[in-house]
Amino acid sequence: MKNEEYKALYFKDIKEKDLKNPFEFDRRGFLKLLGGGIVIFFSLGDAEALQDVTRRAGFLQINPADLTGYLRVGEDGRVSCFTGKIEMGQGVMTSLAQTVSDELDVPMEQIEMVMGDTDLCPWDLGTFGSMTTRFSGPLLREAAAQARAVLIDLAAEQLKIPADRLATKDGVVFDKTDSSGKLTYAELAKGQNIEKKMDSKAAIKKDSELTVIGKSVKRLDALEKVTGKAKYTGDLNFPGMLYAKILRPPTYGAKLKSVDTSAVEKMSNVLLVKDDDFIAVLHKTPDGAEKALSQIKAQYEPMQTLLDDKNIFEHLLSVAPKGKGMAKGGDIAQGEKLSSSVSEATYFNSYVAHAPIENHTAVASMEGTKMTIWASTQTPSLLRQMVAGKLKTSLANVRIITPYVGGGFGGKTENQQALEAAKIAKLTGKTVQVAWSRAEEFFFDAFRPAAVVKVRSGINETGKISFWDYKVYFAGDRGAQNFYAMPNISELSFGGSDPGSPGRAAPGAHPFLTGPWRAPGGNTNTFARESQIDMMAVKAGIDPVEFRLNNIADERMKKVIKIAAEKFGWKPSKAESGRGFGISCSIDSGAYVATMAEVEVNKTTGHVQCKRVVCVQEMGQIINPVGATQQVEGCITMGLGYALTEEVRFKGGEIYDLNFDTYKIPRFSWLPKIDVVLVKDSDLPPQGGGEPAITCMGALIANAIFDATGARLLQLPMTPERVKEMILAFGVCTNFV
């Protein structure tokens, strides 16, 4: 699978044809490493629950013949779960262990999660798209149920009693009629060498039998992280390891014309690496490497471009390729004839950086023909493939190990820093660390693409939506799917299709690299749709909550809106009411979200203070409520950034925002009172939880600003300058501050 094929998956719902396991799994090789015990292998196609959820979502079965992970009950009774997924703060290490704990009846303390190590874990597509709990969770649960069935069979044989008299608890199989008849998992696994491929014979527990799933538990990584003991790639330090600094161009796309490294060549304890226009210096300390780099004199030829953050939207519209249909029904022209009111607007969002707290970092070490890389990556299997290709060696000669990752948000899939480390390690034979500076982080980040959405829509005299004509440019189609009842609809996506991220379909569209950013496409599309819906509610003279309920047929969406209105204390009123109330809804990763907010707008400065947010999220079965709540709170917090301040300013290849002094991410002082309501639906498998809530934040704040001031904001982020400009343009509601 190529990098471009991976990236394309972020911006659309995933189907079977998109997921191809290019590698054979060497079970024997893995088992030789592990030793004895009981091993249950499983693949995505084995999971009945997964097949059910994919059928419901309209997906096809995924990789029915390929291996996804495995579960091992060791001879010491400990349970190890091997998965290619990684932990980057989202808490899946804990929720997956919780799932195994409940179904296998073993204490959480006896479970070890082995994640993102390509020599130990099977190939995995990557950790993104809110897929881990949604897809891997049900799979692990079925594998654990099968492991429990194997243990019961072994106990029945050794205790010489029928299996149906046996039960399991706390890592022990016991006779339900005679407490003296029992064997621990360690006793049962000892001397065994059982390997089974998961089948559907082992039944998972009923919802009423669950004791760990659905309960809030402490994160497995909590103690390490609050005490600073958790190791990230940048914390690694091996004997003889050197720190590398790489010569970078001053502007994006600039070409190296000449370079003078003579000063560095005279420095002691500095290793100079030159490979065509790739130049790096190595030193035993980061500061030493930085000092050596400063002694290199280089001249560059800048990229010829007049694009900047002001004219980029006009440029994108001018280079947009032919649109691809997302939805079509009825007759737009006929719908417009039936309309008593027509609304038309163009929405914009700027480029946004991922800005993770942990910079891109990698350590590479080559011993003989074997390259080992520790990397902050969301895609270790892809990275392994990329390194093998770059070094022209076999996959078996490359191992990727993924320590804790300090935030990814879709930005740690390109893996450039790891490829740089691998290259230097191979050229020098040294163990090398490449850690991007904050400026490098902003410079080489794959930004969320700038995008444009054009919407024309109408309502009839009864306040029903009569037509919807929607065109999205360069954001992709994720989040554009409509849940409103629209008899006449046309939705087109321009430049948002394969291959790769939006813009790849139109080479030259973006002046720098773009890629997935938490709920890619969903933020842009939800901003446009929910702002437009609000605009129509105003024209209809109907309360925005009531307008939505009148135009939504989906009962799951109606349910979350009603719960949110009750929790928020929403009193019906026509916007602009002066209260500063806003609403926004979305469906993402299978989860239904309704958010409501209250903001205060300062007319003099344009500053927007979000005072309160209520978020109701229906997400099927909930594994760890406190973990899910933290994800929603994180979405709301991060979403305030792209809604209010975050944008990458640039001109002619120069990126102006290279640190947090000008690129402003949310601060604690910004945070509103957040009320999260999780709605459980045990009839549904777990749905995605890491992204859905963030999709609402742009429209939520925009609609609340309109309610407070009468100013309709059409561009993200809604900076104080833009808010002031729109207040002047639209006039002022008498109730704002």
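Refer to the structure printed above.
Note that this is a predicted model, so its numbers are computed, not measured.

Basis of the calculations
- Residues numbered from 1 in each chain as written.
- Predicted model: local features only at pLDDT ≥ 70, side-chain atom pairs only at ≥ 80, totals over all residues.
- Heavy atoms only, no water.
- Core = buried A, V, L, I, M, F, W, Y, C linked by side-chain atoms within 4.5 Å.
- Buried < 20%, exposed > 50% of the residue type's maximum accessible area, 1.4 Å probe, protein only.
- Contact = heavy atoms within 4.5 Å.
- Helix = DSSP H or I, 4+ residues; strand = E, 2+ residues; numbered from the N terminus.
- Pairing = 2+ DSSP bridges.
- Axes fitted to C-alpha atoms, helices over the stretch in contact; angles between N-to-C directions.
- Expected span 1.5 Å × (residues − 1).
- Phe/Tyr/Trp six-rings, centres within 6.5 Å; stacked < 30°, edge-to-face > 60°.
- Lys NZ or Arg CZ within 6 Å of the ring centre and 35° of its normal.

This part takes up the nonpolar core. For soluble globular proteins, the rule of thumb is that nonpolar side chains tend to be buried together. Counting residues in each nonpolar core, the largest one holds 133 residues, and the members touching the most others are I373, V387, I424, I701, I705 and M718. Once residues lying within four places of it in the same chain are set aside, the contact partners of I701 are V599, V608, C610, L640, A643, L644 and M718. Among the nonpolar cores identified, the runner-up in size contains 39 residues, and V106, A143, I152 and A155 belong to it.

Structurally, the position occupied by D117 is in the loop between β4 (111–115) and α5 (132–159). If near-sequence neighbours (up to four positions away) are discounted, D117 is found in contact with R399, I400 and I401.

Taken together, six strands build an open sheet; the order of strands is β14-β22-β21-β20-β15-β29 and the sheet is mixed. Bordering the open sheet on either side are β14 (324–329) and β29 (715–716), each of which pairs with just one other strand. Sheet topology note: the β14/strand β22 (residues 489–494) ladder contains five bridges and is antiparallel. The residue bridging K324 from the neighbouring strand is S493, located in β22.

Moving on, we get to the sheet that holds strand β24 (residues 591–601). One open sheet accounts for four strands, arranged β23-β24-β25-β28; its pairing is mixed. Every other strand in the sheet has two partners, leaving β23 (581–588) and β28 (673–679) as the edge strands with one partner each. Each strand of the sheet is rotated relative to its neighbour by a mean of 15°, with strand direction disregarded. Pairing analysis gives eight bridges linking β23 to β24, with the strands arranged antiparallel. Bridging from a neighbouring strand, F581 pairs with E598 of β24. Against the sheet, helix α18 (residues 625–644) makes contact with β25 (608–618) and β28, and its axis sits at roughly 130° relative to β28, the strand it touches most.

What sets the pattern is the α-helix's 3.6 residues per turn: residues three or four places apart point alike. A rise of 1.5 Å per residue sets the reference length of α5, with its 28 residues, at 40 Å; its end C-alpha atoms lie 38 Å apart and thus fit the reference within 8%. Counting buried residues in α5 gives 22 out of 28 residues, a clear majority hidden from the surface.

A word on the packing of aromatic side chains. Applying the stated rule across the entire model yields 23 aromatic pairs. Judged by centre distance (5.0 Å) and plane angle (70°), the ring pair of F443 and F444 falls under edge-to-face. Residues F443 and F444 agree in their burial class; the two are buried. Between F568 and W570, the aromatic rings sit 5.9 Å apart at their centres with planes inclined by 45°, giving tilted as the arrangement. There is no split in this pair, since F568 and W570 are both buried. Sitting over the face of the ring of F278, K423 holds its NZ or CZ atom 4.5 Å from the ring centroid.

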